[in-house]
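Listed below, chain by chain, are the residues.
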Amino acid sequence: MVVAGVDVGNATTEVAIARIGPGRPPEFLSVTRGPTTGAKGTAACADGVLDLIDRACRRLGEEPARILLADLHPVETGLRELSADEERDLGGVAVARPVSATPSGVGAAAGRLVDLDGLAGEPLGEPVIPIVPAIDFDEAAARLNDARARGWRVSAIIATADDGVLIGNRVDRALPIADEVTDAADLPRGAWAAVEVAPPGGAVSELADPLRLAVLLALDPARARGARNAARALVGHRAAIAVRGEASGGGSTRDAAPLATLADGSTIAVEAGTAPPPLGRVRTIEGVDAALLDAFWAPLPEPGDDARLALRLRARHAVGLAVLAERSGRDLEDALAERAGCEVVVVAAETAAAVAGASTTPGAGHAPIVIDMGGGTVDLHVGLDDAGRAVAAAGAGHLVDRICGAVLGVDHLRAEQAKRLPSVHVETPFILRHEDGSRTFLEQPAPARAVAHLCLAERRGASLDPLEADLAPEVWARLRRAAKRDVIAGNLRRAVEAIGGLPRGELAVLVGGCAEDQEVVDEVALALADLDLAIARGDILGRHGPRAAVAVGLVLLHAEAA
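Each value, and the rule that gives it
- Residues numbered from 1 in each chain as written.
- Predicted model: local features only at pLDDT ≥ 70, side-chain atom pairs only at ≥ 80, totals over all residues.
- Heavy atoms only, no water.
- Helix = DSSP H or I, 4+ residues; strand = E, 2+ residues; numbered from the N terminus.
- Buried < 20%, exposed > 50% of the residue type's maximum accessible area, 1.4 Å probe, protein only.
- Contact = heavy atoms within 4.5 Å.
- Areas by Shrake-Rupley, 256 points an atom, 1.4 Å probe, with all protein chains shown as cover.
- Arc of directions from axis to C-beta.
- Pairing = 2+ DSSP bridges.
- Axes fitted to C-alpha atoms, helices over the stretch in contact; angles between N-to-C directions.
- Domains from an automatic or database assignment.
- pLDDT = per-residue confidence, 0-100.
- Salt bridge = Lys/Arg side-chain N within 4 Å of Asp/Glu carboxyl O.

## Examining the overall build of the chain
Turning to step 1, where the next piece is worked out: What the chain contains, in helices and strands, is 15 helices and 28 strands.
Turning to step 2, where the next piece is worked out: Principal-axis analysis of the C-alpha atoms gives the chain an extent of 95 × 60 × 50 Å.
Turning to step 3, where the next piece is worked out: The buried share of the chain, reckoned over its 562 residues, is 52%.
Turning to step 4, where the next piece is worked out: Partitioning the contacts of the chain with sequence separation of at least 6, the portion at a separation of at least 24 is 67%.
Turning to step 5, where the next piece is worked out: With the model as given, the accessible surface of the chain reaches about 23500 Å², and the carbon-plus-sulfur share is 50%.

What follows is the structure, given as structure tokens:
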């Protein structure tokens, strides 16, 4: 009989097709993987499951008689930034923070925001800050020079495109020019604004000082104190823009952190300054419509040696949150049974299946300790005696993605790449600086869009994918590893405490998608170093690496029970 073991994860779905029969071990015919097509455990996942099974079986020429599933619990992962409202109400100061990596000029200046086209008329009797759209830099420079010759007092420039230096070279190299301001169209024309560009390697100082900012924006004393929020939001940026808005009384508002209700009825705030409780204690969280088995949160990581960046990240009041919910109903099982036309069997818990699959790693025997690190949970199973112990902790690879994405300012798909790939800084078209500080030379010049940017570097080939974050590669590497340490290693420690500790000197086999990441493996080994464990990466069936442990394990467990 042909069966399909299916592991529906939060990020990917894995399918192991095997032929089983009485008195003989399963014959594995295919192991495949694809993206999960819906929330884990829901009917929407059926499309991805059936597509993987169909593709595998078309090659084999056989259809499965049974689909084997684990007992699933969904995990929701997201990022909550409590600073959103605070940064919209900045004491009458609206703030735009350009991501410019190559501004021009140096210093701070204030003036009235005007469109470049507006410089065609009679000069105003006050300084102006022209907003240059994405046009040819030679044309923009010519129009700016003409306006200045006719009496316009241009104090600074805001450019939409990445050509601040090119414009500055043709107009005035000392003039502060913030470029790559992608939201320039939203800046209020006619409003009074300030622009600052710091020297190379520096960060804004005038706009990051609340009193200096208040002077530049001509705020009266009643509103000047409110500038503290705006100044705080601009700390650590090489170039910055602040725009005077309507008076708001100088106050600031910030969403209250949601409250988590614990098993004993007490509540705690879900925020950066509050440590998540032990595994399994959280029952509900405000804004989450589900009964919970576990919840875990972590703040954005901070560099210990960069106070400006640490303040910038801390000011966002952001936490990544993962919740493990109880599942009501069997929507996925029902959908598969109806559409596949075969029997659907729930074989075992995911942790039990992971142990069976991990034990197919050559040399592992019956793996006594298995740590399954997927997209949604860190699962720990200890089976040194007949009474195995297993726990699942909310928060794993997806939570790392959300935190990395928040630090870099990218979506979770690019963040997933950024957490795995090495980064470089393209110092010149031919020179790359790596995460360890070393430099290498390129045989072909880097693309213009990559120069002076932090880039993801494909391990194979010379592909450079620029990021907008103004971070050095060594700084990003530390933040990336800190996110993995806080989430995955931190969650593993919660799991170890919940299970009552681990015996010393045993073998721990790491499986799941996160086990493919050497940095995660290193952080796990460090977290468990005091236990003198042998930390090994799983290799399922000796050829599939650490993935597919649950899918393969479901087949093995079903064959044993058949």
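Still to come is the rest of the account.
## Observations concerning helix α9 (residues 331-340)
Turning to step 1, where the next piece is worked out: All of the buried residues in α9 are L332, E333, A335 and L336. The buried residues of α9 occupy an angular sector of 165 degrees when projected down its axis, which confines them to one face. For α9, the exposed residues set more than 90 degrees away from the buried face come down to D334 and E338.
Turning to step 2, where the next piece is worked out: One or two positions beyond α9, positive phi appears at G341, with a value near 70 degrees.

## Thoughts on the sheet that holds strand β22 (residues 423-428)
Turning to step 1, where the next piece is worked out: Strand order in this open sheet of 5 strands is β24-β23-β22-β25-β26, and the pairing throughout is antiparallel. Because the sheet does not close on itself, it has two edges, and the strands there are β24 (439-441) and β26 (464-466). Looking at each pair of strands side by side, their axes are set apart by 40 degrees on average, direction ignored.

## A look at the domain arrangement of the chain
Interface extent is often summarised as the accessible area lost during association of the parts.
Turning to step 1, where the next piece is worked out: Once the domains are mapped, the chain shows domain 1 (1-73 + 328-364 + 542-562), domain 2 (78-83 + 255-325), domain 3 (85-244) and domain 4 (410-468).
Turning to step 2, where the next piece is worked out: Its C-alpha centre places domain 3 at a distance of 29 Å from the equivalent point of domain 4.

## Remarks on the confidence of the model for the chain
Turning to step 1, where the next piece is worked out: Overall, the predicted model of the chain reaches an average pLDDT of 87, with 93% of residues at or above 70.
Turning to step 2, where the next piece is worked out: This model gives residues 83-89 a pLDDT under 50, and the stretch forms 19 contacts once residues within four places in sequence are excluded.
Turning to step 3, where the next piece is worked out: Note on residues 247-253: pLDDT is under 50 here. Beyond four places in sequence and across chains, it has 16 contacts.

## Let's talk about the environment of V400
Turning to step 1, where the next piece is worked out: Turning to its location among the elements, V400 is positioned in helix α11 (residues 397-408).
Turning to step 2, where the next piece is worked out: In sequence terms V400 and L533 are 133 residues apart; their C-alpha atoms lie 25 Å from each other.
Turning to step 3, where the next piece is worked out: Beyond its immediate chain neighbours, meaning those up to four positions away, V400 contacts K419, A483, K484, V487 and I488.

## Quick word on helix α7 (residues 227-234)
Turning to step 1, where the next piece is worked out: Taken across its 8 residues, α7 has 6 buried, putting it largely inside the fold.
Turning to step 2, where the next piece is worked out: Of the residues one or two after α7, G236 is the one with positive phi, at around 90 degrees.

## As for unusual backbone geometry
Turning to step 1, where the next piece is worked out: A positive phi is found at E180, a non-glycine position, where the angle reads about 55 degrees.
Turning to step 2, where the next piece is worked out: Tracing the backbone through its elements, the reader meets E180 in the loop between β10 (177-178) and β11 (192-197).
Turning to step 3, where the next piece is worked out: One non-glycine residue, L541, adopts positive backbone phi at about 60 degrees.
Turning to step 4, where the next piece is worked out: Mapped onto the fold, L541 is located in the loop between β28 (534-537) and α15 (549-561).

## Some remarks on the pattern of salt bridges
Turning to step 1, where the next piece is worked out: The final tally for this structure, using the stated rule, is 32 salt bridges.
Turning to step 2, where the next piece is worked out: Linking D54 and R58 is a salt bridge whose minimum nitrogen-to-oxygen distance equals 2.2 Å. Of this pair, D54 and R58 are both found in helix α1 (residues 46-60), 4 residues apart, which corresponds to roughly one turn of the helix.
Turning to step 3, where the next piece is worked out: Take R58: its relative accessible area is 57%, and that puts it in the exposed class.
Turning to step 4, where the next piece is worked out: For E519, the salt bridge is made with R480, and the minimal N-O distance between the two is 2.7 Å. Here the residue E519 occupies a position in helix α14 (residues 518-527), and R480 occupies one in helix α13 (residues 473-499), the gap between them amounting to 39 residues. Exposure class is identical for E519 and R480. Each is buried.

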